[in-house]
Amino acid sequence: MDDALWMRQAIDLASMAADQGDVPVGAIVLNPQGEVVGRGFNNREDSNDPFGHAEVVAIRQAAETLGSWRLDDHTLVVTLEPCTMCAGAATQSRLARLVFGAFDEKAGAVGSLWDVVRDRRLPHRMEVTSGVLAADCANLLSDFFKAQR
């Protein structure tokens, strides 16, 4: 699986969030054959939904596509290290693997502040690959917040 290829697709989704005035985070869910079964980008501003994080949107779409909440053997690719809510959603959906781009030192729950997805106290843990196209992902966020100021 080419993580950089999939991250570029997530970056494209993140750009769509920025175009709608939301924090540019994009996510995709891949099945074991490497096919996209869920896509999402932050849409909290547009939907007025506090759960409108890219990861939750992509996981929900994947579950709907598959007709099951169990995403065993699936991979989540996201441009920013998931927060506690999104890390919890990834764990609860039983994803096998998580790939993310930029670290989030303020709210990251996959190594920065906490490590929810690999916490041995939880019944499910997943493989993590971090830092994929991290500079591209971080620049997208930096540019967005500079424009907000």
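Structure first, text after, so check above.
Okay, so let's go over this structure.

1. Considering the side chain of Asp104
With respect to the helices and strands, the residue Asp104 is situated in the loop between β4 (97–102) and β5 (127–129). Excluding its chain neighbours within four sequence positions, the residues that come into contact with Asp104 are Leu80, Glu81 and Ser112.

2. Looking at the sheet that holds strand β1 (residues 26–30)
Strand order in the open sheet formed by five strands is β2-β1-β3-β4-β5, and the pairing between neighbours is mixed. Strands with a single pairing partner mark the edges of an open sheet, and in this sheet they are β2 (36–41) and β5. If you compare each strand with its neighbour and ignore which way they point, the axes differ by 15 degrees on average. Summarising the sheet, strand β3 (residues 75–80) and β4 pair through five bridges and their orientation is parallel. Within the sheet, the bridge partner assigned to Leu76 lies in β4 and is Leu98.

3. Remarks on the pattern of salt bridges
Enumeration over the complete set of coordinates arrives at five salt bridges. Salt-bridge contacts for Asp115 lead to Arg118; the nearest nitrogen and oxygen are separated by 2.9 Å. In this structure, a network of salt bridges that share partners links the residues Asp3, Arg97 and Glu127.

4. Thoughts on helix α4 (residues 84–92)
In an α-helix, one full turn covers 3.6 residues, which means residues spaced three or four apart are oriented alike. The set of residues buried in α4 consists of Cys86, Ala87, Ala90 and Thr91. Around the axis of α4, the buried residues are gathered within 140 degrees of arc, so they sit on the same side. Looking at the buried residues of α4, the elements they touch are α3 (54–66) and β3. Arg94 sits one or two positions beyond α4 and adopts a positive phi of about 65 degrees.

5. Focus: the environment of Lys146
If you trace the backbone, Lys146 turns up in helix α5 (residues 134–148). In this structure the C-alpha to C-alpha distance between Lys146 and Arg97, which are 49 residues apart in sequence, comes to 32 Å.

6. Details of the environment of Ser142
Mapped onto the elements, Ser142 comes out in helix α5. Taking the C-alpha atoms as reference points, Ser142 and Gly101, separated by 41 residues in sequence, lie 14 Å from one another.

7. What to know about the packing of aromatic side chains
Counted according to the given criterion, the structure contains two aromatic pairs. Taking the centre distance of 5.0 Å and the plane angle of 85 degrees together, the rings of Phe100 and Phe103 count as edge-to-face. On the numbers, 5.2 Å between centres and 80 degrees between planes, the contact of Phe144 with Phe145 is edge-to-face. Residue Phe145 is classed as partly exposed on the basis of its relative accessible area, which comes to 35%.

8. So, the pairing of β4
Judged by how many residues are buried, β4 sits mostly within the fold: six of six residues are covered. When β4 meets β5, the two strands line up parallel, connected through three bridges. Note on β5: the bridge partner recorded for Arg97 is Glu127.

The rules behind these values
Residues numbered from 1 in each chain as written. Predicted model: local features only at pLDDT ≥ 70, side-chain atom pairs only at ≥ 80, totals over all residues. Heavy atoms only, no water. Helix = DSSP H or I, 4+ residues; strand = E, 2+ residues; numbered from the N terminus. Contact = heavy atoms within 4.5 Å. Pairing = 2+ DSSP bridges. Axes fitted to C-alpha atoms, helices over the stretch in contact; angles between N-to-C directions. Salt bridge = Lys/Arg side-chain N within 4 Å of Asp/Glu carboxyl O. Buried < 20%, exposed > 50% of the residue type's maximum accessible area, 1.4 Å probe, protein only. Arc of directions from axis to C-beta. Phe/Tyr/Trp six-rings, centres within 6.5 Å; stacked < 30°, edge-to-face > 60°.

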